[in-house]
Amino acid sequence: MKAVVEKEHGDAGVLEITEQQRPTPQAGQILIKVMAAGLNRADVLQRQGHYPPPAGESSVYGLEASGVVEEIGEGVHAISPGQEVMALLASGGYAEYVAVDARQTLPVPHGVSLVEAAGIPEVVATVYSNLCMVAGVGEDPADNQGKSILIHGGSGGIGAHAIELCVALGLRVFATASTAQKCDFIRSMGAHPINYRDEDFVEVIERETDGAGVNYILDVVGGSYLDANTRALAVEGAMVTIAVQGGAKGELNMARMMQKRLSLHGRTLRAQSAHAKAEVMQGVQRVVVPLISSGAVSVHVDRVFDLDDVASAHEYFDSGQHTGKVLLKMSEGISS
Ligand SMILES: NC(=O)c1ccc[n+]([C@@H]2O[C@H](COP(=O)([O-])OP(=O)(O)OC[C@H]3O[C@@H](n4cnc5c(N)ncnc54)[C@H](OP(=O)(O)O)[C@@H]3O)[C@@H](O)[C@H]2O)c1
């Protein structure tokens, strides 16, 4: 089968299609004939040599995919060949076939195409698990009345979904971005945009919340925002850091942390066990999938590239112009 594997590290030009052995589903796994795969920032970090796949996982790129079940492994009863699914992966999505623990897959939500579905699993699992299971955002809008959140990187794949989920769950949402166009996109989803090149997000939050601060922060910046984030949080506020695009180190005012009784968390999803991911996917199915099926939460696909154009897809992703998800579509008439 065709697949893109981690070989050399560097810019997008190092990515190429190779011929690989088609995987065999082990006990508890299903084999998916992939229709499309989602690009994630983690793929770029892997390409640059900063984020290897967890031990025991394949070196094929790709943390999420959609497709049709081709085969089932021993002990899989709830899924049958021919079903359309989307899958959360530790690796392996940039390929014509991928084998994955059946519990890390979900049926494609109503109203979503099989290609679009490729951009859902990593984003929804990351956002749902970090906001609802870790930070304490309520799963019912009634639990979130009067609560607010600040989402950094609001125009990216993660950020756009986080905004829509939080708006649907009844939170007041603020989100940062670097350009007027990205701020327009954020506004169109029902959030208050903050152009971090022109405005100080702490001042905006203070002004807009009458000095109270936000109850939650979803942080993809890390070190350089640590002090400002703790200033923007309300008393009893919670922040989850899921990326350190602004550096891994920062200075923490621990007196402020104690006085405001803040909770600061850091999480990665990829290295978690299949059991832990299964629990996340159950929550996603219960809370997020109905919102996607009803149209309350959309799937923002910016561009779709053919797998053969994987280097161009990464180049485009690297340029930072995208709003929402960039996807790779497998060629028609794929063979084993
Ligand atoms: N921990 C986990 O389990 C986990 C899982 C999935 C994703 N992630 C991480 O979450 C982040 C978002 O993922 P994604 O797939 O949505 O990537 P993406 O589409 O590239 O979005 C990244 C966003 O971050 C913003 N950004 C970059 N540098 C920034 C800075 N210094 N200050 C403020 N904003 C900045 C960018 O917006 P502007 O251009 O407007 O700055 C962009 O919207 C990535 O860093 C990814 O590695 C973590």
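Note that this is a predicted model, so its numbers are computed, not measured.

**Q** So what about the side chain of glutamine 46? Which residues, and what values?
**A** Along the chain, glutamine 46 falls in helix α1 (residues 41–47). Beyond its immediate chain neighbours, meaning those up to four positions away, glutamine 46 contacts Glu6, His9, Tyr51, Pro53, Ser59, Tyr61 and Arg270.

**Q** Which residues make up the site of the ligand, and what values go with them?
**A** The ligand sits among 24 residues. The nearest are Arg41, Ile158, Lys182, Tyr196 and Leu269. A distance of 2.6 Å is found between an oxygen atom of the ligand and a side-chain nitrogen or oxygen belonging to arginine 41. Here an oxygen atom of the ligand sits 2.7 Å away from a polar atom, N or O, in the main chain of isoleucine 158. Across the complex, the protein chains shield 87% of the 910 Å² of accessible surface that the ligand would expose by itself. With respect to the detected pockets, the ligand is housed in the largest pocket. Breaking the shell around the ligand down by element, the ones donating at least two residues are α2 (121–135) and α3 (157–168).

**Q** Tell me about the packing of aromatic side chains, residues and numbers included.
**A** Using the criterion set out here, one finds 3 aromatic pairs in the structure. For the ring pair tyrosine 61 and tyrosine 94, a centre distance of 5.7 Å and an interplane angle of 25° mean the geometry is stacked. Here tyrosine 61, found in the loop between α1 and β4 (64–72), pairs with tyrosine 94, found in the loop between β5 (84–88) and β6 (97–101); they are 33 residues apart in sequence, far enough to count as distant. According to the relative accessible area criterion, tyrosine 94 is buried, its value standing at 0%. The ring centre of tyrosine 316 lies 4.6 Å from the NZ or CZ of arginine 303, which sits over that ring.

**Q** Give me the lowdown on unusual backbone geometry, citing residues and values where you can.
**A** The phi torsion at aspartate 210 lies on the positive side, around 50°, for a residue other than glycine. With respect to the helices and strands, the residue aspartate 210 is situated in the loop between α5 (201–208) and β11 (214–219). Its identity is not glycine, yet glutamate 236 carries a phi of approximately 70°, on the positive side. By the element assignment, glutamate 236 lies in strand β12 (residues 233–241).

**Q** Account for the packing of α2 against helix α8 (residues 274–293), with residues named and values stated.
**A** Angle between the axes and distance between the axes are the two parameters that describe a pair of packed helices. Where α2 meets α8, the closest approach of the two axes is 9 Å, and the angle between their N-to-C directions is 105°. Comparing the axis directions of α2 and α8 gives the class roughly perpendicular. For the pair α2 and α8, the contacting residues are Pro121, Val124, Ala125, Tyr128, Ser129 and Met133 in the first and Glu279, Val280, Met281, Gly283, Val284, Arg286, Val287, Val288 and Ile292 in the second. Its residues placed into classes, the contact of α2 with α8 shows 11 nonpolar, 2 polar and 2 charged.

Calculation rules
- Residues numbered from 1 in each chain as written.
- Predicted model: local features only at pLDDT ≥ 70, side-chain atom pairs only at ≥ 80, totals over all residues.
- Heavy atoms only, no water.
- Helix = DSSP H or I, 4+ residues; strand = E, 2+ residues; numbered from the N terminus.
- Contact = heavy atoms within 4.5 Å.
- Near = heavy atom within 4 Å.
- Polar contact = N/O pair within 3.5 Å; in protein donor to acceptor, adjacent residues only side chain to side chain.
- Areas by Shrake-Rupley, 256 points an atom, 1.4 Å probe, with all protein chains shown as cover.
- 1 Å grid on protein atoms, 1.4 Å probe; cavity = no way out; pocket = protein on both sides within 12 Å on 5 of 7 lines; lining within 4 Å.
- Sits in = over half its atoms within 2 Å of the grid points.
- Phe/Tyr/Trp six-rings, centres within 6.5 Å; stacked < 30°, edge-to-face > 60°.
- Buried < 20%, exposed > 50% of the residue type's maximum accessible area, 1.4 Å probe, protein only.
- Lys NZ or Arg CZ within 6 Å of the ring centre and 35° of its normal.
- Axes fitted to C-alpha atoms, helices over the stretch in contact; angles between N-to-C directions.
- Parallel < 35°, antiparallel > 145°, perpendicular 65-115°, else oblique.
- Nonpolar A, V, L, I, M, F, W, Y, C, P; charged D, E, K, R; others polar.

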